Each structure stands twice: as structure tokens, then as C-alpha cells.
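The primary structure of each chain is shown beneath.
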Amino acid sequence: MKAFRLDELEAERAANEGAYLQFLRERNMSVGLYALNAGEHDPQTPHNQDEVYFVVSGRASITVGLETTQVARGSVVYVPAGVAHKFHHISEDLRVLVVFSPPEA
């Protein structure tokens, strides 16, 4: 078994001074913690993998393809591989668990 604590993952991510921390990589998926602070720009581009976002904390909007919705703690969003997507209008610091399948390259 592999078990993780969000507070420890957040501390590790912050210590590495990056917006993204991959903390699990297996044959069929990878999982990471993505962080964007209020007012920040989301620089990501489309990925070659399907993604599932689970919002741990914060508030923002996300646009996936041509659709936009608001997200907050507890929101889950699926993003198909190759589809443009971005978080925006981040009004509260955003912390998101990201599951990639297959694993992120």
C-alpha cells in the first residue's frame, strides 16, 4: 500500500517551488498535486493523457474545450486527452489532485 497526506504533499510541493508535484506513478496512471494561487495564470497546454481533476480546496473557473464551469472544494472534472483546458478566475488558492491515465510522460 502507498498512503499520502495532503499536508505533507503540499509542503513537499512548496519546498520544490513548483506548481505541480507528481507523487505516484504506476503502470496505468500517475497522480499529482497541482497548485495555483489566487490571481495566477494557468500555463498548461493539452496533454496526451486523459485527466481527472479533484479540487481539494480553492475556487476558480475551468474551461475544457468550449465549456466553462466553476469549481470549488469537492468538484471533479474529466478532461479528455488532447483537449485544451485551463483554470482561470482563480479567486481562492487552488489545490487540485490530478490523475493521468496512462501516466504522464
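Residues numbered from 1 in each chain as written. Predicted model: local features only at pLDDT ≥ 70, side-chain atom pairs only at ≥ 80, totals over all residues. Heavy atoms only, no water.

**Some remarks on the overall build of the protein chain**
In plain terms, the rule: In DSSP terms, a helix is any run of H or I states spanning at least four residues, a strand is any run of E spanning at least two, and both are numbered starting from the N terminus. As a reference, a globule follows 2.2 Å times the number of residues to the power 0.38, and the radius of gyration itself is taken over C-alpha atoms. Buried, partly exposed and exposed residues are distinguished by accessible area as a fraction of the type maximum, computed with a 1.4 Å probe on protein chains only: under 20%, between the cut-offs, and over 50%, respectively. Note on contacts: a residue pair is in contact if any heavy atoms of the two residues lie within 4.5 Å.
A count of helices and strands for the protein chain gives 1 helix and 6 strands. Listed N to C, the secondary structure of the protein chain is α-β-β-β-β-β-β in terms of helices and strands. For 105 residues, the compact-globule estimate of 2.2 N^0.38 gives 13 Å, and the protein chain sits close to it at 13 Å. Expressed as lengths along the three principal axes of its C-alpha atoms, the size of the protein chain is roughly 35 × 25 × 25 Å. Expressed as a percentage of the 105 residues in the protein chain, the buried residues total 40%. Put simply, of all contacts in the protein chain between residues at least 6 apart along the chain, 64% involve residues at least 24 apart.

**Observations regarding the pattern of salt bridges**
Applicable threshold: Salt bridge, as used here, is a side-chain nitrogen of Lys or Arg placed within 4 Å of a carboxyl oxygen of Asp or Glu.
According to the stated counting rule, one finds 6 salt bridges in the structure shown. Note that Asp7 and Arg5 form a salt bridge whose closest N and O atoms lie 2.7 Å from each other. The exposure class of Arg5 is partly exposed, given its relative accessible area of 49%. Taking the shortest distance from any N to any O, the salt bridge between Arg5 and Glu8 comes out at 3.7 Å.

**Things to note about the nonpolar core**
The following threshold applies: The nonpolar core is taken to be a set of buried Ala, Val, Leu, Ile, Met, Phe, Trp, Tyr and Cys residues, with the residues joined through side-chain atoms within 4.5 Å.
Counting 16 residues, the largest nonpolar core has Tyr53, Ile62, Val71, Val77, Phe87, Leu94 and Val96 as its most contacted members. For this core, the secondary-structure elements that each account for two or more residues are strand S2 (30–36), strand S3 (50–64), strand S5 (76–79) and strand S6 (85–101). Discounting residues that sit within four places of it in the chain, Val71 has contacts with Val55, Gly58, Arg59, Ala60, Ile62, Val77 and Phe87. One finds Leu9, Leu21, Val56 and Leu97 within the second-largest nonpolar core, a separate group that totals 8 residues.

**Considerations on the pairing of S6**
Defined as follows: Should DSSP find at least two bridges between two strands, the strands are regarded as paired.
Where S2 lies against S6, 7 bridges are found, and the strand directions are antiparallel. Considered in S6, the bridge of Gly32 is made with Val98. In this sheet, S6 lies alongside S3 in antiparallel orientation, the contact comprising 12 bridges. Paired with Asp50 across the strands is Ser101, a residue of S6.

**Looking at the UniProt feature "domain: Cupin type-2" (unreviewed entry) in the protein chain**
Keep this limit in mind: UniProt positions are given in the numbering used here, feature names are shortened, and annotations may be inferred rather than shown by experiment.
The sites that carry the UniProt feature "domain: Cupin type-2" (unreviewed entry) are, in the present numbering, residues 33–100. Overall, residues 33–100 shows 0% helix and 66% strand. The separation of its end C-alpha atoms is 11 Å.

**Side note on the environment of Glu67**
Here Glu67 lies in strand S4 (residues 67–72). Put simply, Glu67 and His85 are 18 residues apart on the chain and 9.3 Å apart in space, counted from C-alpha to C-alpha.

**A few points about the environment of His88**
To keep it simple, the criterion reads: Polar contacts, as counted here, are pairs of nitrogen or oxygen atoms within 3.5 Å of one another; within protein the pair requires one atom able to donate a hydrogen and one able to accept it, and residues that are adjacent in sequence qualify only if both atoms are side-chain atoms.
Topologically, His88 is positioned in strand S6. Taking relative accessible area as the criterion, His88 reaches 24% and is therefore assigned partly exposed. Remark: the alpha-carbon pair of His88 and Gln70, spanning 18 residues in sequence, is separated by 9.4 Å. Non-local contacts of His88, meaning those with residues more than four positions away in its chain, are made with Ala60, Ser61, Ile62, Thr63 and Thr68. Looking at His88, its side chain comes within polar contact range of the side chain of Thr63, at 2.7 Å.

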